[in-house]
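# Coordinate inspection notes
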Amino acid sequence: MTTADDIFDQSGNNIQQLGLREIPFTESPTDLQSETLQNIFTGRQNELRQIFNLFQSRERRRILVYGRLGIGKSAFLLEVLSVLRRKRQDMLTTYISLPANLDLATTALIALARAMPDDEWAQRQLYQMGIPTDKVLKERSAEISGNLVIGGKLGEKDLPITKPLYPAVSLDTLLERAQEKYPQGVVIAIDDLDKQNPSVVRQLMHDAQGMLKGRAWFMLTGHPMGMTGDLLTSERGLFDLQLKLEELDQPTMYQMLINYLNSARINNNCTDPNDPRSVLPFLPETAQRFCEVSLGKPRLFNRLGNTILSTAADFQATLITSEVLSQGLKAAAPTLRQQAALNVQEERVRALLQRRGSLSDETITMEELEQLGVRSFSDILPFLERLEEADLAHQLNQDDAKVFAPIPLPPSDDETL
Ligand SMILES: Nc1ncnc2c1ncn2[C@@H]1O[C@H](COP(=O)(O)OP(=O)(O)OP(=O)(O)O)[C@@H](O)[C@H]1O
Ligand SMILES: [Mg+2]
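Residues numbered from 1 in each chain as written. Chains lettered and ligands numbered in written order. Predicted model: local features only at pLDDT ≥ 70, side-chain atom pairs only at ≥ 80, totals over all residues.

What the protein contains, in helices and strands, is 19 helices and eight strands. Within the span of the protein, comprising 417 residues, buried residues form 36% of the whole. Expressed as a percentage of contacts within the protein between residues at least 6 apart in sequence, the contacts between residues at least 24 apart total 73%. (Helix = DSSP H or I, 4+ residues; strand = E, 2+ residues; numbered from the N terminus. Buried ≥ 20, exposed ≤ 12 C-beta atoms within 10 Å, placed from the backbone. Contact = placed C-beta atoms within 7 Å.)

Pasting the structure below:
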């Protein structure tokens, strides 16, 4: 009889048949060790150069990195920080994903305090906000055995946070303490500003003007819709650099695939794009095709890569031939839909988009709006954005109009529109 343990082993064997230790694709770079990110991070040379040029000056800067959903903002930010950590050891670098319901000063305060585990005062600030650090947990375990969040990962969801009374003042005090130890300065990177609704973001930015002009380097990320276009213009003076991340080109995608595969491949570390062994278990043609359907979007690439390799493993394939690739791509659309767990309205918008091939303010009809129960195209933007987040739709690059299209994946056999 086949036990669950056997199935587990079989599943590992199937991946090994492909010559891989594991599936190297991930949804989010925060799941990765920084050495792993260093090995797989690809491209963005121009953007890196622009940022690192700023770091050649002593003057503190404010940097905004923006781009569409899943384009690689977090990975870029983390890569910048890990380079700084290696090259600028007298600089303190901190990273945080903006928690819900928090202002930027409190967020910056948390990021900084967590990066200073040996500073009693910093740890007390965290403690007062109900955020344990390993150190505090150990030292005061008797006191806080109660209902606190465990683990250092400060996530997207609400935390039991009591806001400090004067976050800006506390932040300033903490920055002063940090700068004594890190004479080259302090970098505070706040990711995911766009995960809040646009009016909240605008308010947050407005309230943070003083902080942003203060003692630290700031790097913020968001995508244009969340950040709202007018924010980029109205707060123009606020940032020294506004860096837009675009889709990666095909040769970069191909190199990215090589880097990912190489990070997991057994017995072969070829990274020369001219050598077919560099893309094994893919063949050069299927590697090329996979990169094309990923549309230059790193997260779509990771999600598709995952389904392709899982499908290949299920088939106990040793190579990703055209046949295996098309089975993998066929499995992708239903998998993405399942992961997205769309609600009824989102599903309606998806079906309409699929049927129409593209949607914009100009092409949507009154009748279609009526059927969706909305008044205008802008009412369905949040749904389209939700689809984009799930890699079921993408926004076409047309500057003045918002045009959305479905991700062109082959229909699965059981597709119902
Ligand atoms: N230049 C790159 N090289 C290699 N992998 C990358 C690169 N950019 C992004 N990735 C990978 O692609 C996936 C999606 O990227 P990431 O999460 O950084 O996008 P994002 O723009 O932050 O998305 P979101 O809008 O959801 O915050 C991650 O697994 C990340 O590690
Ligand atoms: Mg991100």
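A separate point is the nonpolar core. By size, the foremost hydrophobic cluster in this structure holds 99 residues, and its most contacted members are A108, L112, I188 and L257. The element best represented in this core is helix α5 (residues 104-114), accounting for eight residues. What L112 contacts, discounting residues up to four positions off in sequence, is T94, L171, L174, L175, A178, V186 and I188. (Core = buried A, V, L, I, M, F, W, Y, C linked by C-beta atoms within 7 Å.)

Take the packing of helix α17 (residues 344-356) against helix α19 (residues 377-389) next. At their nearest, the axes of α17 and α19 sit 9 Å apart, and the two run at 80° to each other. Accordingly, the angle class assigned to the pair α17 and α19 is roughly perpendicular. Of the residues in α19, those in contact with Q345, E346, V349 and R350 of α17 are I380, F383, L384, R386 and L387. Counted by class, the contact of α17 with α19 contains five nonpolar, one polar and three charged residues. (Axes fitted to C-alpha atoms, helices over the stretch in contact; angles between N-to-C directions. Parallel < 35°, antiparallel > 145°, perpendicular 65-115°, else oblique. Nonpolar A, V, L, I, M, F, W, Y, C, P; charged D, E, K, R; others polar.)

Close contact between helix α13 (residues 250-262) and helix α14 (residues 284-293) brings their axes to 9 Å; oriented N to C, the two are set at 115°. Of the two elements, α13 crosses α14, and the hand of that crossing is right-handed. Of the residues in α14, those in contact with Q250, M253, Y254 and L257 of α13 are A287, Q288, F290, C291 and E292. Looking at the contact of α13 with α14 residue by residue, the class counts come to six nonpolar, two polar and one charged. (Left-handed = near helix turned anticlockwise from the far one by under 90°.)

Once that is clear, we can look at the pairing of strand β4 (residues 217-222). Most of β4 is tucked away: six of the six residues are buried. Here β4 shows no split at all, with W217, M219 and T221 on one side and F218, L220 and G222 on the other all buried. When strand β1 (residues 62-66) meets β4, the two strands line up parallel, connected through five bridges. Residue L64 lies in a different strand from β4, and its bridge partner there is L220. (Pairing = 2+ DSSP bridges.)

This brings us to the site of ligand 1. Every one of the 22 residues lining ligand 1 counts as a neighbour, but P29, G72, S74, A75 and P298 are closest to it. Where the shell around ligand 1 is concerned, the elements lending two or more residues are α4 (73-87) and α15 (298-314). Taken together, the residues that form the shell around ligand 1 break down as eight nonpolar, nine polar and five charged. (Near = placed C-beta within 6 Å.)

Shape is all these values report; function is a separate question.
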